[in-house]
Every structure is written in structure tokens, then in C-alpha cells.
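Results of the structural survey
One letter stands for each residue in the lines below.
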Amino acid sequence: MEKVLMKGNEIIGEAAIRSGCKLFFGYPITPSTEVVEYLSKHLPPKGGTVLQAEDEIGAINMCYGAACTGSRVLTASSSPGVSLKQEGISYSAAVELPMVIVNVNRCGPGLGGLGPAQSDYFQSVKGGGHGDYRLIVLAPSTAQELYDFTMQGFDLADQYRNPVLILTDGFLGQTMEPVVLKERPEPPKVDRSWVVDGAKGREKRILASYSLTNEIGEDNNLRWEKKYKNIQEKEQQWEEFHTEDAEYLLVSYGTTGRICKSTVLNARKKGIKLGLIRPITLWPYPEKAFIPYKDKVKGIVTVELNTGQMIEDVKLAVECKMPVHLYRRQGGMLPNEHEILDYVEDIFSLTAVEEV
Amino acid sequence: MEKIFARSKGLTDVAFSFCPGCTHGTIMRLIAEVLEELEIIEDTIGISPVGCAGFCQNFFSCDFIGAPHGRAQAVGIGVKRALPDRTVFTYQGDGDIAAIGTQHAIHAAARGEKITSIMVNNAIYGMTGGQMAPTTIEGMKTSTSPYGRDNILDGAPMDFPKVIANLEGAVYVASVSVDSPKNIKKAKEAIKKAFKVQQAGLGFALVSVLSTCPTNWGMTPVDSLNWLRENMMPIYEMGELKVTEEVEAL
Ligand SMILES: Cc1ncc(C[n+]2csc(CCOP(=O)(O)OP(=O)(O)O)c2C)c(N)n1
Ligand code: SF4
């Protein structure tokens, strides 16, 4: 298999092409712009379409239209742009459209800065737009995962007829790393009987989300809820790192999840039994990962690039059975592995443990 | 007995749900007839907006997608780029296309997107109960201009087709009315041309149709038609506003 050195954002583009994505609609915004730039160069020669829309609202609604035809479609943006897309994302969830949306999270609020952040966690996993819907949210932490999860994202979107969000950040997006360009997995067999492509030899179809009858409205909500429960049951993904004998756990995803691995290794050298749970799906949140540790672990630290957002889901997952603390940096700053360990030692009074 | 008038095949048998005297139904019938005459019902995907106009998704017999308010053209462009050989049209109220969705209309025209847009101008927001639209005329009372539209405060009504006609990629732009049999005939011709433009792949086509809203204007159906003739037709430039040479040659 081909191994190449590429920038994170370009990898997303390449993975989309190799996933059979034929359409991209987007609007430039740092630090996600390389996605549209890469696809502008490489998708049209392969017979695909790239359209630089008038704005993110236009882009997401173009995705909505294209997805209605059953075509694989992608859009990518960064935080302020993703805010603009929220109405269209809500409509896409309501009409149950498969599509992949990339958010290369930059710090905020407001225009904010370009540095890596996880400040859009709530927006991503709690339904950033109006109404009660869920996106499947994947959080890569390496170049290889940017590639793999983009591919997986298209398949999950098709399989569940639901938009999928890839939540990454400027650090991953801008870093050059080697990546193995794996073959596309066998695509899932999916029902296409809902697609709108012209009523030739069949009844007309309508894809819309309007319903003025409360009874129908409730039926729709119940149907979506059932789908979301099924996804929660089947699709939780996470990685565990030195968890088996852990007395303390770090919980962190994406870029910080990766940094936390070094913290765990350093802690182990000092004799501190630290482990890491790295959520891969942020929705569905990998609650199952915590079950074996609920009654075993003495304390948890979530490491985040925000004021503490995921920590709420961690507390729910462990039913507040142990102290859950937050170590966070913000505004585009990344923690290093040492400061995280200092915090763990401090908060759990572990400084007395002898070096080994 | 020979049947000389039948419901167009472009319409389903769902009964129109518009208020008495509302001309939305007339406009939809014309579009349906055009789809039937051009034999493109099965190749067409319509995009419905939010507003009274949005009910059209139930009445046409072609496939339909319901767009968010103002986004019909963006949605239609997504469809057309995915399926370039299909016919795509949007059916939008004046509020939908000329207020909240302005940017998509302008850029659909600027890029010469190969879709057809029908704008229904009733000078008011129908569905939400009669608020001021960008097309509300001077002095006209609505629930958000209870003392009448004040051109100093609210600006003069926007002649949106003229804005669109300025853009290179808009190759056919017409403004028509369905207030009389003669004008209904003209309206149908314009709508037909706007679909033929798309079939020939020439660029973006817009037909604006002046329409009544007896309910929110607070008038009888007959008075509404007269009011439209006397108050709207003089301020909106009527007829074919732009016909490029290629369109002329169709
Ligand atoms: C984002 C958003 N803003 C506002 C509305 C409320 N709304 C629904 S229809 C409408 C205006 C409809 O007027 P028009 O487009 O002229 O169509 P008509 O009802 O007259 O056919 C408004 C403001 C909405 N649905 N979505
Ligand atoms: S409210 Fe106005 S636009 Fe809507 S159906 Fe009634 S008359 Fe027609």
C-alpha cells in the first residue's frame, strides 16, 4: 500500500476522493482551507465537482441538495463557518441525509484565533443547530486517522442515513505526517429507495422535514430517537492506553489525546499507574469504555482545549462515582505532556511516589 | 364528448390548499403544463421553499425537495451539480428569494447555474401572516408596516428581477403577471422559455410572477386582481427584461 507524506487537511481530501466522494461544496476559512484547495486540484480531473460557494450557508445547502440524490458529498470548514452551517445541518439530519462535514476547530468564540481548540465540542455532539438531532462525530488524533475516519465517515453516513462530522483541529490539519493510503473498505449495502433523482417509472418522492401535525411530528422524533439509540448501542469507539491496572485515568481526544499518551508513559516511569481513555466517537459518547473502571479507578482528569465541555459526558459515564477533574488550555495553546502530569500529581497528591 | 381542458399531468390529484383567490395555484398550474408539454415531468426535481409557496411540493407530480427558507437555489444547485442531465427548478416567494435568500439568487445568476427559478411576488410575507417584504410597495400597510411602508425608513421596493438581469450568467429574466387570460398566456410562454434555457444549458433563468394574497392584503379575490394591476404592475418593470442572443435563437 502506498505511503505518503501529506498535510492533515490534504489527507481528508484524498480520503474523500478514494471513498468515492464526487462532490465538494465549501467556502475558504483557515485552518481548513487546504481541504477545498486540495480537492479543487484533484477532484475535477477524476470527474468530480468542486464548487466554491458564496458562503457556508450556500455550501451546506448545496450538500443537502446533492445528498438528496444519493451522491457522496463533503464539506469542510472551521468554527465560524460551521456555525453558519448549523441550520442546514439540522435540516440534513431531519431529512436523514448521508454526508460528511469536517470541522477543523479553531479557537473562539467570535472570530477567535487559528490555534488548535476543542471549543466546538458542545456544538458538535449536543446538536449545534435547532431541534433534537444527533450527528455521528469522529475525532481523529493522527494523520492516519484523518484518512481512516474520513473513509469510515462516508460509510457510517450511508449506513445510518445520517450526517457525520469529523472534528479535528488546526494542529492536525496543518501538520505533515506519513499516511498509508489504504484501499477503500467494501461499502455497506444501503437502501436507496428514498433518493430523489427524477420520478421515472415510480411514484414521486418528497424529501422535506415540514410537518404541522403534532402527531406526525412526534412520530418523526420517535423514529429518529430509535435510530440514535441504535447508533449509541453499536457504534461507540475508543482507544485504551495502559488502562488494565490503572488507578487514575486521563480522558482526552484528538490532539490532546495524543499528547496524553506521553504523559501516561512518563507517569508509568515514575510508578504512577495512569491510563488513558481516548474517545474516538464523541457522539455516540463511548460510555461503555468506562464500565470496567467505574468502581476501580481513584480519579479521572479530562484534558481539553476548552473550559471543560467533554468533562460533563465523562461525569455522566462514571455516574460521578469518583472525582473527575479538568486540565485545560485555551485560546489556541496546547499543553505539553509534563504540565499534564504535574497537574495529575498535584490534584491527586501523588508527589510522594518514589521514582523507579 | 371531447375533453378540451384537463388537469395537467404535472400536478398530482391533491387539491390546492390556498386561500380563495390566491394566484399561487394558477402559477403552479402553468409550470405543471410546461413540464408536461416539454415531457420532463419524470426528469425534473423541484425545490420548494418555506412559505405558502412551499406547499407546491405536494401539488407537482415530479420529485421534490423541501429547502430551508431562502436556500432553495443552493439546494437546487447541489442537485443539478450531482445530476446535470436532470431539470431542476425552484419555486420561491419574494421573501424567500429576495430577502433571506438573496445571496444564493445573486450567485446562482452570477455563476450562470443551469437551473430555473420562479419567483412569486405577492408584495408580502404570506405564510407568516402578512409582514412587510422587500417587495412591499410604498404606503402599503402590513403587520410590520402598520402605518404603511415608508420608503425613507424601509427603502423603496426592490425590483429583484432587474438586479438579477444585470448579472452575466442570467441569460433569461422575465417579469409577468397572472391577472388576466392574456397575461396568463404570456406568463406561461415565459415559464416555458425559462425551462428551455435550462434544457439548452445556456445559463440561469428567472421568471418573476406577480401574484395576489387576498388574505393578507385584506381584499376580495376580484379587488386583489385590480389592486395588483393598479399598484404593482406600474412599479415593477414587466415583460422580458433580459434575453441573450442564444436564448433568442431557441
Ligand atoms: C430561517 C427562517 N426565518 C424565518 C422563517 C419564517 N418564515 C416562513 S415563511 C416566511 C416568509 C414567506 O414569505 P414569502 O417568501 O414571500 O412566501 P409566501 O408565503 O408569500 O408564499 C418567513 C419569514 C423561517 N421559516 N425560517
Ligand atoms: S396567505 Fe396569501 S399567499 Fe398564502 S395562500 Fe393565502 S392568499 Fe395565498
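Just above sits the structure.
Heads up: these notes are all about the structure in this document. For clarity, every value in this text was computed on a predicted model and none was experimentally measured. In every chain, residue numbers begin from 1 and rise along the written sequence. Chains carry letters from A onward and ligands carry numbers from 1 onward, assigned in written order. Local features in this predicted model are restricted to residues whose pLDDT is 70 or higher, and side-chain atom pairs enter the listing and the counts only when it is 80 or higher, whereas totals over whole chains, interfaces and linings include all residues. Each side-chain value is worked out from all heavy atoms of the structure, with water and hydrogens disregarded.

Some details on the site of ligand 2
Residues and elements named next belong to chain B. As a structural note, the neighbourhood of ligand 2 is formed by Phe-18, Cys-19, Cys-22, His-24, Cys-52, Asn-122, Gly-126, Cys-213, Pro-214, Thr-215 and Asn-216. The secondary structure listing takes helices from DSSP runs of H or I that are at least 4 residues long and strands from runs of E that are at least 2 residues long, numbered from the N terminus. Considering every element that reaches the shell around ligand 2, the biggest residue donor is helix α9 (residues 214-217), with three residues. Across the shell around ligand 2, the residue classes tally to six nonpolar, five polar and no charged. Whether a residue is near a molecule or strand depends on its heavy atoms: if one lies within 4 Å, it is near. Charged means Asp, Glu, Lys or Arg here, nonpolar means Ala, Val, Leu, Ile, Met, Phe, Trp, Tyr, Cys or Pro, and polar covers whatever is left, Gly included.

Focus: helix α3 (residues 72-82) of chain B
Counted residue by residue, α3 of chain B has ten buried out of eleven residues, so it is predominantly covered. Residue burial is assigned from relative accessible area. The probe radius is 1.4 Å, only protein chains are included, and a residue is buried under 20% of its type maximum, exposed over 50%, and partly exposed in between. Taken together, the buried positions of α3 of chain B are Ala-72, Gln-73, Ala-74, Val-75, Gly-76, Ile-77, Gly-78, Val-79, Lys-80 and Ala-82 of chain B.

Considering the layout of surface pockets
All names here are of chain A. Cavity means a closed set of points on a 1 Å grid over the protein atoms alone, one where a 1.4 Å probe fits but cannot get out, pocket means an open set with protein on both sides within 12 Å along at least 5 of 7 lines, and lining means a residue has an atom within 4 Å of a point. Grid points are joined across faces, edges and corners, and a volume is the space filled by probe spheres set on the points. Roughly 610 Å³ of volume is contained in the largest pocket. Forming the walls of the largest pocket are 30 residues, and the residues nearest its centre are Ala-94, Ser-209, Tyr-210, Ser-211 and Trp-224. Within the residue set of the lining of the largest pocket, elements represented by two or more residues are α4 (79-95) and α8 (214-234). At seven residues, the largest contribution of residues to the lining of the largest pocket is made by α8. Taken together, the residues of the lining of the largest pocket sort by class into 15 nonpolar, twelve polar and three charged.

Remarks on the interface of chain A and chain B
Think of interface size as the accessible area that goes away when the parts come together; that is how it is often given. Here, two residues are considered to be in contact whenever any of their heavy atoms come within 4.5 Å of each other. Between chain A and chain B, the residue contacts involve 34 residues of the former and 36 residues of the latter. When the two sides are added together, the surface that chain A and chain B hide from each other amounts to roughly 2600 Å², 59% of it contributed by carbon and sulfur. Only one rule defines a salt bridge in this text: a Lys or Arg side-chain nitrogen within 4 Å of an Asp or Glu carboxyl oxygen. Applying the counting criterion to the chain A and chain B interface returns four salt bridges. Taking the shortest distance from any N to any O, the salt bridge between Glu-87 of chain A and Arg-71 of chain B comes out at 3.8 Å. Counting of polar contacts relies on pairs of N or O atoms within 3.5 Å, with two restrictions inside protein: one atom must be capable of donating a hydrogen and the other of accepting it, and residues adjacent in sequence are counted only when both atoms are side-chain atoms. Taken together, the connections running from chain A to chain B amount to 16 residue pairs in polar contact (both at pLDDT 80 or more). Of all the secondary structure elements, the ones that give two or more residues to the side of chain A that touches chain B are β2 (23-26), β3 (49-52), α3 (56-68), α4 and β9 (206-207) of chain A. Of all the elements, α3 of chain A adds the most residues to the side of chain A that touches chain B, at eight residues. Of the residues that constitute the side of chain A that touches chain B, the class distribution is 16 nonpolar, nine polar and nine charged. Strand pairing is defined by DSSP finding a minimum of two bridges between the two strands. Sheet analysis places β9 of chain A next to strand β2 (residues 63-66) of chain B, joined by two bridges and oriented parallel. Within β2 of chain B, the position partnered with Ile-206 of chain A by the bridge is Phe-64 of chain B. The term buried area refers to how much accessible surface (probe radius 1.4 Å) is lost by two components on association, counted for both of them together.

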